[in-house]
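# Results of the structural survey
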Amino acid sequence: MNTKAQSQHNYGGLDLFRIFAALMVIAIHTSPLASFHDSADFFLTRILARIAVPFFFMVTGHFILSDLFFPKNPSASQSGRIFSLKTRAGKYLCRLCLLYGFSVLLYVPLGLYAGHYNNLTFSSLLRMLLFDGTFYHLWYFPACILGILLVILFSRFLSLKGVTVVSALLYLIGLLGDSYYGIAAKIPVLKTCYDAMFHIFSYTRNGLFFAPLFLVLGAWAGNTAISSVNTNLDYRLSIRRLPSALCLVLSFCIMTTEAFTLRHFGLQRHDSMYLSLVPVMFFLYRCLLSVHAASKKVLRTTAAWIYILHPAVIVVIRGVAKLLHLSALLINNSLIHYFTVSLLSTIVGLVTAYFISRFSNNYSKGKKLLPKATGIFPGTERAWIELNLNALEHNVRFLQSRLPNGCRLMPAVKANAYGHDAVIISKTLNRLGIRDFCVACVSEGIQLRKAGIKGQILILGYTHPSQFFLLQRYRLTQTVVDYEYAEKLHRSGLKLHVHIAVDTGMHRLGICFRSPDLIASVYQMNHLSVDGIFTHLSACDCSNPECKSFTESQLSAFYRVTDYLKQNGYPCRGLHLLSSYGILNYPEAAEDFVRPGIALYGVLSSKGDPMAASLQPVLSLKARIASVRTLQPGENAGYSMGYTAESETRIAVITIGYADGIPRELSSGGGNVLIHGMSVPIIGRICMDQMLVNVSAVPDVKQNDIAVIIGTSGSREIKAEDITMQCNTITNEILSRLGARLTTVVKK
Ligand SMILES: *Cc1c(COP(=O)(O)O)cnc(C)c1O
């Protein structure tokens, strides 16, 4: 029972705990302390060991169900079929059903022997298969299957929060049929209901009332994880271990008290479900997630087989003990009995896991297992972006130092933070105290919210009216792109936050500065909260007199509007005008916010800008060398005979191409990359996935070496600005086009 997502991460903490949980289940079924102390055994098997099964539900929810709640397209979950076997959850369900079927068959002989099938009717068979299990531990499978199906069903209609609420309600119903049954039994209506239910199943500890909540709790953990997939910014680093551990201890103490109290008053019909089991599991899972150790598939498979096989082991040990006249030792001493069963079950589980992995390896001969990790940093196998977050902090502090007090940075993190990974960048900025962000569109805003970004997120562009509800749901601030649009926003009836864009001459978005009365009337639309007003200076990057006077006219047009608003008593707050070049060239117009984009990433749009010296580039772009080969004079390389060797030439193939965002214009146009601290020319045409360089001048270049496309190597550096020269564009375009196929790693 494992998935791809698990093997990519280091979830060793969870994997190890599976074994512990499986041994706890054996404890429930053997009562190790029964022959010593009644209450001690109650504590061990009815309280402590009760975390085992919810834990298994949680890992399932974590790895199997969390992507249900994280659709790429926010409206995608609404459409489509209820369920498909092709999804991760579908495949998992199939495997679970197979395993269940296998286990049922495996226990048929024991069931016959134990008389489970005496007086078998169709309805009692159904009850066993769907709820109670055909052998005492097998209830887990139908519970898990039913729970997963329910959560999938709920997820089609409800958000993760909604599903959590529904599952919690089901859990409460379950509680009253389990350890709180004594209360339900005193209320005649409830008693009738529950007694009717118990005709259908023997316990409320099943897929209907017990499994969904823990599956959903697990899905929450995975939901946070997915937002950091493809990055090595581990969301688990944000778990603070000590508080989680303290909360775990505290909630476990409460659970112990709860259980003994219920026992004291004789309220328990069964003892699987407690109120405080929920916080216990939540904090336990957080603690386990914060353990960083390599995932071990063998532990996962072994734990599953310990679970499935231990009842058989118990029977075998009893039989053998009788035969050898060792009952007094092996059976009557409950502790020795427990250890014998645990030891043997673990051995049997390990052996089974071993044979299954052998079998599945033979079975999938074509798909050779990955070799052992080679010690390279995960994510740097092919082509990757390396982020230097210290440089980001430096740039933030530098820009802040140039701004007057009271002016806040509202960084532009649109276009995936100019290719830098919007989530990593925004989280870092949040940590540096920045609480305001600009994005281009609603999906970018949602991505940040789902990653837990706090503060104001302004959408600079147009949002289609069909998505207005998302603005409210994710607390996103919308730009008023013109007057009619303001009316549409208002008429939606939603309570929305907006900033008004003023068109001061760029003629892109905004209400024209010549109509200050229209702008003022937006302030009167009582569904809209106008938190800001801004304009965009479209020529602030160029210093010729014409541009300068145009910019001056934009500035005065904007201030004419704000003066009008102030004179007419409108609250004119949240003013902003400046992007990166505005901060550089017109710092006097820094108002409440500024919107730096490119400068924050330590780059300026083109080469030779003075401020560039004070900024540090955040991004490096690197790739591996796939192969090194030698051309004889006259041989050519790459598409369309793009390069011909004049003399014997050594070339290297680099694992990055235009599909990764390398501009094709760099081909044979004077583009270089750095290898071993030396600059080498790009030759031939850049391919979709690869490019060629001439490495004749570099000794010892070999497969797997690193080529630096942007960044430093030895004492040399290639800046994003250098590349723009050859491609006749600006760095903003080069960076924001970096492809989705690149991984992003954070330089430590
Ligand atoms: C993209 C953008 C910015 C940031 O621009 P930079 O030149 O990268 O600093 C600021 N304001 C608006 C309206 C933008 O669209």
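Note that the structure is a prediction, hence the values are computed from the model and not measured.

## Quick look at the overall build of the chain
Looking only at helices and strands, one finds 28 helices and 20 strands in the chain. Overall, the C-alpha framework of the chain stretches about 100 × 80 × 45 Å when taken along its three principal axes. Counting only residues that meet the buried cut, the chain has 54% of its 748 residues in that class. Excluding contacts between residues fewer than 6 apart, the proportion of contacts in the chain whose partners are at least 24 apart in sequence is 71%. Total accessible area on the chain is roughly 34,100 Å²; 61% of this is exposed by carbon and sulfur atoms.

## Re the packing of helix α2 (residues 12-30) against helix α4 (residues 52-65)
With their axes 8 Å apart at the nearest point, α2 and α4 run at an angle of 145° to one another. Considering how the two elements wind past one another, α2 and α4 form a crossing that is left-handed. Contacts between α2 and α4 involve L14, F17, R18, A21, A22, M24 and V25 on the former and, on the latter, A52, V53, F55, F56, V59, H62 and F63. Counted by class, the contact of α2 with α4 contains 12 nonpolar, 1 polar and 1 charged residues.

## Notes on the site of the ligand
In the vicinity of the ligand lie 13 residues, with K414, Y418, S580, R595 and G597 positioned nearest. For the ligand, whose free accessible area comes to 390 Å², the fraction covered by protein is 88%. For the shell around the ligand, the residue count by class is 5 nonpolar, 5 polar and 3 charged.

## A word on the pattern of salt bridges
If you walk through the whole model with that rule in mind, you get 16 salt bridges. The salt bridge partner of R18 is D15, with a shortest N-O separation of 3.5 Å. Here D15 and R18 lie together in helix α2, a separation of 3 residues that amounts to about one turn. For the pair formed by R18 and D15, the shared burial category is buried.

## Topic: unusual backbone geometry
For R475, which is not glycine, the phi dihedral falls at a positive 50°. Residue position: R475 is located in the loop between α22 (468-473) and β5 (477-480). Of note in this structure, N728 is not a glycine but carries a positive phi near 55°. Within the fold, N728 resides in the loop between α27 (720-727) and α28 (731-736). On the basis of relative accessibility, which here comes to 75%, the residue N728 falls in the exposed class.

## Some thoughts on the side chain of T731
Residue position: T731 is located in helix α28. In terms of polar contacts, T731 uses its side chain to reach the side chain of N732, at 3.4 Å. With residues up to four places along the chain from it excluded, the contact list for T731 reads I598, V603, L604, S605, A720, E721 and T724.

## Quick word on helix α3 (residues 38-47)
The complete set of buried residues in α3 reads D41, F42, L44, T45, R46 and I47. Tucked inside the fold, the buried residues of α3 contact α2 and α13 (241-264).

## Some remarks on the state of the cysteines
Among covalent bonds in proteins, the disulfide is the one between the sulfur atoms of two cysteines. By the definition in use, this model includes 1 disulfide. The disulfide that involves C542 links it to C547, with 2.1 Å between the sulfurs. According to the relative accessible area criterion, C542 is partly exposed, its value standing at 25%. The exposure class of C547 is buried, given its relative accessible area of 16%. The thiol sulfur of C144 is not disulfide-bonded, and the nearest other cysteine sulfur, from C97, lies at 10.0 Å. In this structure C144 comes out as buried when scored by relative accessible area, which is 0%. With no disulfide of its own, C441 lies 13 Å from the sulfur of C438, the closest cysteine sulfur. Owing to a relative accessible area of 27%, C441 belongs among the partly exposed residues under this scheme.

## Re helix α11 (residues 188-200)
Here α11 is 13 residues long and its end C-alpha atoms lie 19 Å apart, about the 18 Å a rise of 1.5 Å per residue gives. Considered for burial, the residues of α11 that qualify are Y194, M197 and F198. The arc that holds the buried residues of α11, viewed along the axis, is 100°, so those residues lie on one side. Turned more than 90 degrees from where α11 packs its buried face, P188, V189, T192 and H199 sit exposed.

## Quick look at the side chain of N430
Within the secondary structure, N430 sits in helix α20 (residues 422-431). Judged by its relative accessible area of 17%, N430 falls in the buried class. Apart from the residues lying within four places of it in its own chain, the contact partners of N430 are R435, F437, G452, I453 and K454.

## Overview of the environment of T504
Within the secondary structure layout, T504 lies in the loop between β6 (496-503) and β7 (511-512). For T504, a relative accessible area of 5% corresponds to the buried category. The contact partners of T504, leaving out residues within four places of it in the chain, are F513, T535, H536, Q554, A557 and F558. At a separation of 2.8 Å, a polar atom in the side chain of T504 contacts the side chain of T535.

## With respect to the pairing of strand β3 (residues 436-439)
Side chains D436 and C438 of β3 all project onto a buried face; the interleaved residues F437 and V439 project onto the opposite face, where all are buried too. Where β3 and strand β4 (residues 456-459) come together, 4 bridges link them in parallel fashion. Looking across to β4, one finds that F437 is bridged to I457. Regarding the hand of the β-α-β motif, the stretch spanning β3, helix α21 (residues 442-450) and β4 is right-handed.

Parameters at a glance
Residues numbered from 1 in each chain as written. Predicted model: local features only at pLDDT ≥ 70, side-chain atom pairs only at ≥ 80, totals over all residues. Heavy atoms only, no water. Helix = DSSP H or I, 4+ residues; strand = E, 2+ residues; numbered from the N terminus. Buried < 20%, exposed > 50% of the residue type's maximum accessible area, 1.4 Å probe, protein only. Contact = heavy atoms within 4.5 Å. Areas by Shrake-Rupley, 256 points an atom, 1.4 Å probe, with all protein chains shown as cover. Axes fitted to C-alpha atoms, helices over the stretch in contact; angles between N-to-C directions. Left-handed = near helix turned anticlockwise from the far one by under 90°. Nonpolar A, V, L, I, M, F, W, Y, C, P; charged D, E, K, R; others polar. Near = heavy atom within 4 Å. Salt bridge = Lys/Arg side-chain N within 4 Å of Asp/Glu carboxyl O. Polar contact = N/O pair within 3.5 Å; in protein donor to acceptor, adjacent residues only side chain to side chain. Disulfide = S-S within 2.5 Å. Expected span 1.5 Å × (residues − 1). Arc of directions from axis to C-beta. Pairing = 2+ DSSP bridges. Right-handed = clockwise from strand over helix to strand, strands pointing away.

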